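# A look at the structure
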Amino acid sequence: MKPDISIIIPLLNEKESLPELTSWIREVMLKNGWKYEIIMVDDGSTDGSWDKIKELASGDAGIHGIRFRRNYGKSAALYHGFKEAAGNVVVTMDADLQDSPEEIPEMYRLITEEGWDIVSGWKQHRKDNALTKNLPSKLYNATARWITGIRLHDMNCGLKAYRNEVVKNVEVYGEMHRYIPYLAKNAGFTRITEKPVHHQKRKYGKSKFGIERFVNGFLDLISLWFLSTFGKKPMHFFGFTGILMFLTGFIIAVCLIAGKLIHQAGGMHFRPVTDQPLFYIALLAVLLGAMLFLTGFICEMISRNSSDRNRYNIREEF
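Residues numbered from 1 in each chain as written. Predicted model: local features only at pLDDT ≥ 70, side-chain atom pairs only at ≥ 80, totals over all residues. Heavy atoms only, no water.

### Quick word on unusual backbone geometry
Of note in the backbone geometry, asparagine 13 takes a positive phi value of approximately 55° without being a glycine. Position of asparagine 13 relative to the elements: it lies in the loop between strand S1 (5-11) and helix H1 (18-32). Using a relative accessible area of 27% as the deciding quantity, one classes asparagine 13 as partly exposed. For leucine 97, which is not glycine, the phi torsion reads 70° and is therefore positive. Summarising the element assignment, leucine 97 is placed in the loop between strand S4 (89-92) and helix H4 (104-112). (Helix = DSSP H or I, 4+ residues; strand = E, 2+ residues; numbered from the N terminus. Buried < 20%, exposed > 50% of the residue type's maximum accessible area, 1.4 Å probe, protein only.)

In structure tokens form, the structure reads like this:
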């Protein structure tokens, strides 16, 4: 029978926290009378987490496990979890006990009763180090809000709830798990909200993410913005920029040559065109403009031959 909720837990070396987490989730599910499934995706753990998952699954038919041969990252884990999820509402949460299952009932209600597509957790009062996580997180989220136009205070919060249709229509790859709301928005799921959630201190182990994730996250955000804006029309970016640079360089070069000819015809002293740095700047602009235009043309040909060039999400039909 189809579950009401699918809970996806990507994990890496979280053996100690798994029994407490699954017990907590089960308690919340039973209290609300929901049919549920817990999908644990072991992302290459080396501490015996997989054996612990199998042990827990032997006592709970609702627990399912997926094990990677090596560490592929959180996006890969979520991708496979989304593919297997059958619940009407899909919840993602971390395995480190910093996300509270007690938040799930209200998130479920917002999806099923108020009609939101995504409910994202907002850790208003973080229990992390202020210098290495809190401040960079605020700067990162401010940049993400500005670029994506999605007013979430904590885009990267692991605790989120989705309508099942959403996770079946977004493709999470690379390290794009940080931007699932943006991927969903680009797929046409625009009803996105957030809910303040309780954030707890890590009880076991240590964080798997360092300060470099903010730099990588920003670069991923720029890539995603570019692909979503110009992915199906690359010539609009490269072609326009290339033509603009080419014309600018060409006009400067023509002006320099014309000025030299006018001075020469009038018997006035003139400076050779090739002695002027501006001429070489103009020449560089012409060459770069031509290269950008050709880049846009090649990208356009690749885009037109892409297998998903006519892939669109249909909301309903009759």
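Now that the structure has been shown, the text picks up again.
### A closer look at the environment of arginine 271
Residue position: arginine 271 is located in the loop between helix H9 (235-265) and helix H10 (277-304). Along the primary structure arginine 271 and glycine 259 are separated by 12 residues, whereas in three dimensions their C-alpha atoms are 9.5 Å apart. Other than its neighbours up to four places away in sequence, arginine 271 contacts Lys260, Gln276 and Pro277. (Contact = heavy atoms within 4.5 Å.)

### What about the pattern of salt bridges?
Counted according to the given criterion, the structure contains eight salt bridges. In this structure, glutamate 55 engages lysine 52 in a salt bridge whose closest nitrogen and oxygen atoms are separated by 3.5 Å. With glutamate 55 and lysine 52 both in helix H2 (residues 49-58) and three residues apart, the pair spans about one turn of that helix. Overall, lysine 52 belongs to the buried group, its relative accessible area being 17%. (Salt bridge = Lys/Arg side-chain N within 4 Å of Asp/Glu carboxyl O.)

### Some thoughts on H2
The α-helix winds at 3.6 residues per turn, so residues separated by three or four positions along the chain end up facing the same way. Turning to H2, its buried residues are Ser49, Trp50, Lys52, Ile53 and Leu56. Angularly, the buried residues of H2 cover 160° about the axis, an arc narrow enough to put them on a single face. Along H2, the residues that are exposed and aim more than 90 degrees away from the buried face are Asp51 and Ser58. Its buried side turned inward, H2 meets S1, H1, strand S2 (36-42) and strand S3 (63-67). (Arc of directions from axis to C-beta.)

### Quick look at the sheet that holds strand S5 (residues 118-122)
Taken together, seven strands build an open sheet; the order of strands is S3-S2-S1-S4-S6-S5-S7 and the sheet is mixed. On the outer flanks of this sheet lie S3 and strand S7 (192-196), each paired with one strand and no other. When the angles between neighbouring strand axes are averaged without regard to direction, this sheet yields 20°. The pairing of S1 with S2 spans seven bridges and is classified as parallel. Considered in S2, the bridge of leucine 11 is made with aspartate 42. Along the sheet, helix H3 (residues 74-84) makes contact with S1, S2, S3, S4 and strand S6 (160-163), crossing S1 at roughly 155°. Contacts from H4 reach S1, S4, S5, S6 and S7, with the element oriented near 150° to S5. (Pairing = 2+ DSSP bridges. Axes fitted to C-alpha atoms, helices over the stretch in contact; angles between N-to-C directions.)

### A look at the environment of serine 6
Relative to the assigned elements, serine 6 resides in strand S1. Taking the C-alpha atoms as reference points, serine 6 and valine 90, separated by 84 residues in sequence, lie 4.8 Å from one another. Residues contacting serine 6, with those up to four places away along its chain left out, are Glu37, Ala85, Ala86, Gly87, Val89, Val90 and Val91. A distance of 3.2 Å separates a polar side-chain atom of serine 6 from the backbone nitrogen of alanine 86. Reaching out from serine 6, the side chain makes a polar contact with the backbone nitrogen of glycine 87 at a distance of 2.7 Å. (Polar contact = N/O pair within 3.5 Å; in protein donor to acceptor, adjacent residues only side chain to side chain.)

### Details of the packing of aromatic side chains
Geometry of an aromatic ring pair is reported as the spacing of the ring centres plus the angle between the planes. Applying the stated rule across the entire model yields six aromatic pairs. Judged by centre distance (4.5 Å) and plane angle (45°), the rings of tryptophan 34 and tyrosine 108 are tilted. Pair noted here: tryptophan 34 is in the loop between H1 and S2 and tyrosine 108 is in helix H4, with a separation of 74 residues, a long-range link. With respect to burial, tryptophan 34 and tyrosine 108 carry one shared label: buried. Measuring from centroid to centroid gives 5.1 Å for phenylalanine 237 and phenylalanine 238, while their planes differ by 85°, and the two rings are edge-to-face. Taking relative accessible area as the criterion, phenylalanine 237 reaches 30% and is therefore assigned partly exposed. The ring of tryptophan 116 is capped by arginine 191, whose NZ or CZ atom sits 4.4 Å from the centre of that ring. (Phe/Tyr/Trp six-rings, centres within 6.5 Å; stacked < 30°, edge-to-face > 60°. Lys NZ or Arg CZ within 6 Å of the ring centre and 35° of its normal.)

### A short note on the side chain of aspartate 96
By secondary structure assignment, the location of aspartate 96 is in the loop between S4 and H4. For aspartate 96, a relative accessible area of 8% gives the class buried. At 3.0 Å, the side chain of aspartate 96 and the backbone nitrogen of glutamine 98 are in polar contact. Excluding anything up to four places from it in sequence, aspartate 96 contacts Glu14, Ser17, Arg202 and Lys203.

What is shown is where atoms sit, not what they do.
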